[in-house]
Amino acid sequence: MSHLKPEERARVWIDRKLNEAGWAVINRDEFAPGMTAVAVREAPMKGGLEADYLLLINGKAAAVLEAKREEVKLDDPHLIVQAENYTRQALPWYPVWASPIPFVYLANGRDIAFKDIRTPDARYELIPDFPRPKDLVHRLRLKGEFDSLPHLYEGGVDKVVS
């Protein structure tokens, strides 16, 4: 992996961490309405913007994930403004659970930070792993029978399925 650029190394790490948590990481041209437990790479947003990843549950955006290379600190004000701006820029073909999109994740290939922007005065907190799809279902207070089914990845079932 040493031949990769810093941004590419971070993306490989992020994709792996998302897969381990039960998310299918897909390219935007693979997206189809109604998909669940998917992380859409380079999702187009309003104004010609692109979110590095949108995390979707039942075809609706639940979280924005902004990815940076390892050298970028997750408390960088420009990074935070950029990521939080994406929560209000979803295009109509990505329905949302709430507007703005409620959850923001920042990752740099080494660390992950999370914020629920629905909570006034919330701050970013470092977390060890991305949430499982069922974790976001719980945070969204969804009651559907299949809402929290994990994505199956090549390594088998999400290792923390309960």
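Let us look at the structure shown here. (Residues numbered from 1 in each chain as written. Predicted model: local features only at pLDDT ≥ 70, side-chain atom pairs only at ≥ 80, totals over all residues. Heavy atoms only, no water.)

Turning our attention to helix α3 (residues 133-140). Three or more residues of α3 are buried, namely P133, L136, V137 and L140. Along α3, the residues classed as buried sweep out an arc of 105° about the axis, all on the same side. Count one or two residues on from α3 and you reach R141, which has phi positive near 60°. (Buried < 20%, exposed > 50% of the residue type's maximum accessible area, 1.4 Å probe, protein only. Helix = DSSP H or I, 4+ residues; strand = E, 2+ residues; numbered from the N terminus. Arc of directions from axis to C-beta.)

A few words now on the sheet that holds strand β1 (residues 24-27). Taken in spatial order, the seven strands line up as β1-β2-β3-β4-β5-β6-β7 in an open sheet, and their pairing is mixed. Where the open sheet ends on each side, the last strands, each with one partner, are β1 and β7 (125-127). Adjacent strand axes in the sheet meet at a mean angle of 30° when their direction is disregarded. With four bridges joining them, β1 and strand β2 (residues 38-44) adopt parallel strand pairing. The residue of β2 that forms the bridge with V25 is A39. Helix α1 (residues 6-20) rests against β1, β2, β3 (50-57), β4 (60-67), β5 (103-107) and β6 (112-116) of the sheet, and its axis sits at about 5° to β3. (Pairing = 2+ DSSP bridges. Axes fitted to C-alpha atoms, helices over the stretch in contact; angles between N-to-C directions. Contact = heavy atoms within 4.5 Å.)

With respect to the element layout, E70 can be found in the loop between β4 and α2 (77-86). Sequence spacing of E70 and P6 is 64 residues, and the spatial spacing of their C-alpha atoms is 7.0 Å.

Once that is clear, we can look at the pairing of β4. Regular strands show a simple pattern: their side chains alternate between the two faces of the sheet. Where burial is concerned, most of β4 is hidden: seven out of the eight residues are buried. Judged from the five bridges that link them, β3 and β4 form a sheet pairing that is antiparallel. Bridge pairing in β4 places I57 opposite K60. Between β3 and β4, which pair antiparallel and follow one another directly, the connecting turn spans two residues, one of which, N58, has a positive phi of 50°. Relative to β5, β4 runs parallel, the two being bridged by five bridges.

Counting 26 residues, the largest nonpolar core has L18 and Y105 as its most contacted members. Elements supplying a minimum of two residues to this core: α1, β3, β4, β5, β6 and α3. Ranked by residues supplied to this core, first place goes to β4 with four residues. If sequence neighbours within four positions are ignored, Y105 has contacts with A63, V64, L65, E66, I112, A113, F114, I127, F130, P131 and L136. Ranked by size, the runner-up nonpolar core spans 16 residues in total, among them M45, V64, Y86 and Y94. (Core = buried A, V, L, I, M, F, W, Y, C linked by side-chain atoms within 4.5 Å.)

Time to look at the pattern of salt bridges. Considering all chains together, one arrives at 13 salt bridges under this definition. A salt bridge links K17 to D129; the nearest nitrogen and oxygen atoms lie 2.6 Å apart. Of this pair, K17 sits in helix α1 while D129 sits in the loop between β7 and α3, and the two are 112 residues apart along the sequence. Its salt-bridge partner being D111, residue R110 comes within 3.3 Å of it at the nearest N-O pair. (Salt bridge = Lys/Arg side-chain N within 4 Å of Asp/Glu carboxyl O.)

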